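Understanding the architecture of this molecule
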Amino acid sequence: MVGGLALQSLSSTFSRLNFLLKPPLPYTSRIIRTQLKPQTQKPTSNLLKPCYFSSSNNKTSKPQFRIASSSRDDDLVVLGIETSCDDTAAAVVRSDGKILSQVVSSQADLLEQFGGVSPKDAKEQHSKVIDQVVQRALDEANLTEVDLSAVAVTIGPGLSLCLRVGVQKARRIAGKFNLPIVGVHHMEAHALVARVAEKELQFPFLTLLISGGHNLLVLARDLGHYVQLGTTIDDAIGEAYDKTARLLGLDMTRGGPALEELAREGNAKSVKLKVPMKHHKDCNFSYAGLKTQVRLAIESSNIDKDTPISPTSCKDRSIRADIAASFQRVAVLHLEERCERAIAWAAEIEPSIKFLVVSGGVASNQYVRTRLDHVVKRNSLQLVCPPPSLCTDNGVMIAWTGIEHFCQGRYDPPPPADEPEDAVLDLRPRWPLGEEYAEGISKSRYIRKARTHASLTSIIQASVQQHDQSHPGNS
């Protein structure tokens with residue numbers, strides 16, 4: 001137990017390393033040794049050897065699949081597939097960080113039509129475009145499937161119906177072309193994608209993940225080793241942005257970005273709104289109450305929220321701009337206060353941290369970046385934000401996270417080439433990234449506690465423990 005971090009007790013046969021397909025019979029998972037200390041060197045090529053499924057009946061298993069012919073890590077090429085929510089994305093990335101292609105198919109029209117994500121309709125749209133998106137990613141990279149080293153795909157968290165489309169596509173490719181496959185945690189991918197562009201970003205670092213469905217403050221101690229300092233107890237900031245944009249009659253195909261633009265015209269202190277959770281001395285977030293405050297402010301302003309902003313009068317537009325600016329100021333002030341405390345907590349656990357990484361769709365917001373830059377400078381840290389195209393859901397972050405884990409030996413062998421379409425897949429719609437820091441556990445009765453899977457961190461650490469116990473001489 002470190003810094004109040006309590007790890008779950010896991011069965012020794014339970015491993016992250018076999019999670020894409022639920023096995024029909026009990027099994028003993030394969031384990032490969034991983035390091036939990038911050039890395040200063042790139043993994044050597046011996047870590048790229050294929051892993052085996054160990055079996056009590058067969059102790060001399062042979063590799064079932066090929067690895068790319070080159071022995072140099074920089075020559076690895078991975079296809080990443082992302083379908084966790086409302087964007088269908090694919091990308092091809094090389095292990096030296098070069099992005100060979102990036103393709104995203106948006107569902108903005110569906111969001112406008114339904115006022116949010118409709119899982120069934122989102123799944124149908126993913127199914128319609130997934131083949132074209134993946135093929136275009138390969139074409140733009142001037143590669144075919146036989147040139148790939150592995151396939152990486154999001155398996156959670158996300159919407160089960162949507163996750164299934166991406167996982168099925170990844171497994172078809174991996175099975176047909178005999179490729180290893182890497183299951184990726186969506187939020188870990190958001191945290192790690194900054195390492196593609198920022199070569200100096202080494203573990204440990206603090207990361208703030210902000211999007212339509214997530215608010216997370218996480219200390220990244222090493223690859224696969226995360227401490228959750230704070231999370232949302234109800235709504236995420238991105239959802240609050242979108243809801244406010246809708247109430248203000250803005251273009252919902254753009255949502256949050258449209259609100260950010262309108263806010264530049266307004267007086268951020270003209271509407272009195274309370275900062276959420278001022279009396280809670282933790283790092284958790286809440287935006288449900290702020291959404292209610294905004295709705296009441298709009299109702300009392302006598303503007304017609306059902307009328308789009310474009311044909312309104314100058315006075316009406318000014319009122320809406322003031323509300324937008326006031327909302328944005330308070331919403332981001334809530335982020336600032338939580339980040340200040342998280343930096344202090346993280347420094348107690350890992351005094352050597354130098355970076356705050358801000359990622360996720362809301363990280364594209366320039367006001368958010370500017371305000372958080374002030375926070376990190378006050379604390380002698382450096383702010384790292386991925387380019388806007390890598391903040392929203394994308395295939396690059398999935399491919400890169402796949403590369404990082406692949407180089408540590410964490411991957412699965414290819415599925416059967418004739419795997420049926422109705423195969424039972426182990427998808428993880430609710431999948432925590434790390435264990436909660438003791439001081440950060442919220443006492444609020446509203447916090448979402450449903451957990452169907454152990455955290456990524458605890459699974460990997462249990463795998464390492466199992467390996468060390470089985471191979472004491474190699475520890």
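Residues numbered from 1 in each chain as written. Predicted model: local features only at pLDDT ≥ 70, side-chain atom pairs only at ≥ 80, totals over all residues. Heavy atoms only, no water.

1. Description of the overall build of the chain
Counting its regular elements, the chain contains 12 helices and 11 strands. Of the contacts formed within the chain by residues at least 6 apart in sequence, a portion of 76% connects residues at least 24 apart. Carbon and sulfur atoms make up 50% of the accessible area of the chain, which totals about 20600 Å². (Helix = DSSP H or I, 4+ residues; strand = E, 2+ residues; numbered from the N terminus. Contact = heavy atoms within 4.5 Å. Areas by Shrake-Rupley, 256 points an atom, 1.4 Å probe, with all protein chains shown as cover.)

2. Focus on the packing of aromatic side chains
Taken as a whole and judged by the stated rule, the model has 4 aromatic pairs. A cation sits over an aromatic face here: R428 above W431, 5.0 Å from the ring centre. (Phe/Tyr/Trp six-rings, centres within 6.5 Å; stacked < 30°, edge-to-face > 60°. Lys NZ or Arg CZ within 6 Å of the ring centre and 35° of its normal.)

3. A closer look at unusual backbone geometry
Omega for the bond connecting G156 with P157 falls within 30 degrees of zero, at -15°, which places this linkage in the cis form. Mapped onto the fold, P157 is located in the loop between β4 (150-156) and α3 (160-176). Unlike most non-glycine residues, M277 shows phi in positive territory, near 55°. Although it is not a glycine, S380 adopts a positive phi angle of roughly 60°. Note that S380 resides in the loop between α10 (366-378) and β10 (382-384). Taking the relative accessible area as the measure of exposure, S380 reaches 67% and is therefore exposed. (Buried < 20%, exposed > 50% of the residue type's maximum accessible area, 1.4 Å probe, protein only.)

4. So, the state of the cysteines
Here the structure, examined in full by the defined rule, presents 0 disulfides. Here C85 is not cross-linked by a disulfide; its sulfur's nearest cysteine counterpart is in C162, at 6.4 Å. A residue is classified by how much of its surface remains accessible, and C85, at 23% relative accessible area, is partly exposed. For the unlinked cysteine C391, the closest cysteine sulfur is that of C385, found at 6.4 Å. C391 sits in the buried class, given a relative accessible area of 0%. (Disulfide = S-S within 2.5 Å.)

5. Description of the environment of K199
Checked against the element boundaries, K199 lands in the loop between α5 (194-197) and β6 (205-210). Each C-alpha atom, one on K199 and one on G97, is 9.1 Å from the other, the two residues being 102 residues apart in sequence. Beyond its immediate chain neighbours, meaning those up to four positions away, K199 contacts D96 and G97. One polar contact links the side chain of K199 to the main-chain carbonyl oxygen of D96, over a distance of 3.4 Å. Among the polar contacts made by the side chain of K199, one reaches the main-chain carbonyl oxygen of V196 at a distance of 2.8 Å. (Polar contact = N/O pair within 3.5 Å; in protein donor to acceptor, adjacent residues only side chain to side chain.)

6. Quick look at the sheet that holds β4
Strand pairing within a sheet occurs via backbone hydrogen bonds; the two strands may be parallel or antiparallel. Spatially, 5 strands are ordered β3-β2-β1-β4-β5 in an open sheet, and the strand pairing comes out mixed. Sheet topology places β3 (99-106) and β5 (181-185) at the edges, where each strand pairs with a single neighbour. Geometrically, the sheet is characterised by an average inter-axis angle of 20° between neighbouring strands, direction not taken into account. By the bridge criterion, 4 bridges tie strand β1 (residues 77-82) to β4 in an arrangement that is parallel. Within β4, the position partnered with L79 by the bridge is V151. (Pairing = 2+ DSSP bridges. Axes fitted to C-alpha atoms, helices over the stretch in contact; angles between N-to-C directions.)

7. Let's talk about the nonpolar core
The biggest cluster of nonpolar side chains holds 72 residues, and the ones touching the most others in it are L79 and I81. No other element matches helix α11 (residues 395-406), which puts 7 residues into this core. L217, L229, L290 and A342 belong to the second-largest nonpolar core, a separate cluster that totals 59 residues. (Core = buried A, V, L, I, M, F, W, Y, C linked by side-chain atoms within 4.5 Å.)

8. Let's talk about the packing of helix α7 (residues 256-263) against helix α9 (residues 314-349)
Running from N to C, α7 and α9 point in directions that differ by 110°, and their axes come no closer than 8 Å. Overall, the two elements α7 and α9 adopt an arrangement that is roughly perpendicular. Listed contacts from α9 to L259, E260, L262 and A263 of α7 are R317, R320, A321, A324, A325, F327 and Q328. (Parallel < 35°, antiparallel > 145°, perpendicular 65-115°, else oblique.)

9. Structural notes on α10
Here α10 spans 19 Å end to end across 13 residues, near enough to the 18 Å set by a 1.5 Å rise per residue. Within the span of α10, buried status applies to V368, R369, L372, V375 and V376. All buried residues of α10 project into a common sector of 120° when viewed along the axis, lining one side. What points out from α10, more than 90 degrees from its buried face, is the exposed set K377 and R378. With a side-chain oxygen positioned 2.8 Å from the backbone nitrogen of Y367, the residue opening α10 is N365. (Expected span 1.5 Å × (residues − 1). Arc of directions from axis to C-beta.)

10. Thoughts on the confidence of the model for the chain
Averaged over every residue, the pLDDT of the chain is 83; residues scoring 70 or more account for 80%. Here residues 1-72 scores under 50 on pLDDT; set against residues more than four positions off or in separate chains, the count is 170 contacts. (pLDDT = per-residue confidence, 0-100.)

11. Thoughts on the environment of A236
Considering the arrangement of structural elements, one finds A236 in the loop between β8 (225-231) and α6 (237-247). Along the sequence, A236 and I210 sit 26 residues apart, while their C-alpha atoms lie 7.4 Å from each other. Discounting residues that sit within four places of it in the chain, A236 has contacts with S211, G212, G213, H214, N215 and Y287.

12. A look at the sheet that holds β8
Spatially, 6 strands are ordered β10-β9-β6-β7-β8-β11 in an open sheet, and the strand pairing comes out mixed. Edge positions in the sheet fall to β10 and β11 (435-436), since each of these pairs with one other strand and no more. As defined by bridge partners, strand β9 (residues 355-359) adjoins β10 across 3 bridges and the pair is classed as parallel. Bridging from a neighbouring strand, L356 pairs with L383 of β10.

13. Concerning the pattern of salt bridges
On inspection of all chains with the given rule, the structure shows 21 salt bridges. For R254, the salt bridge goes to E261, with nearest N and O atoms at 2.6 Å. Overall, the relative accessible area of 39% leaves E261 in the partly exposed class. D282 is the salt-bridge partner of R338, the closest N and O atoms lying 3.0 Å from each other. (Salt bridge = Lys/Arg side-chain N within 4 Å of Asp/Glu carboxyl O.)

14. Section: the pairing of β9
Taking burial as the measure, the 5 residues of β9 include 5 buried ones, the bulk of the element. Of the two faces of β9, the one lined by F355, V357 and S359 and the one lined by L356 and V358 are each fully buried. Sheet topology note: the β6/β9 ladder contains 4 bridges and is parallel. The residue bridging T207 from the neighbouring strand is V357, located in β9. After leaving β9, the chain enters α10 and then returns to the sheet as β10, a path that is right-handed. (Right-handed = clockwise from strand over helix to strand, strands pointing away.)

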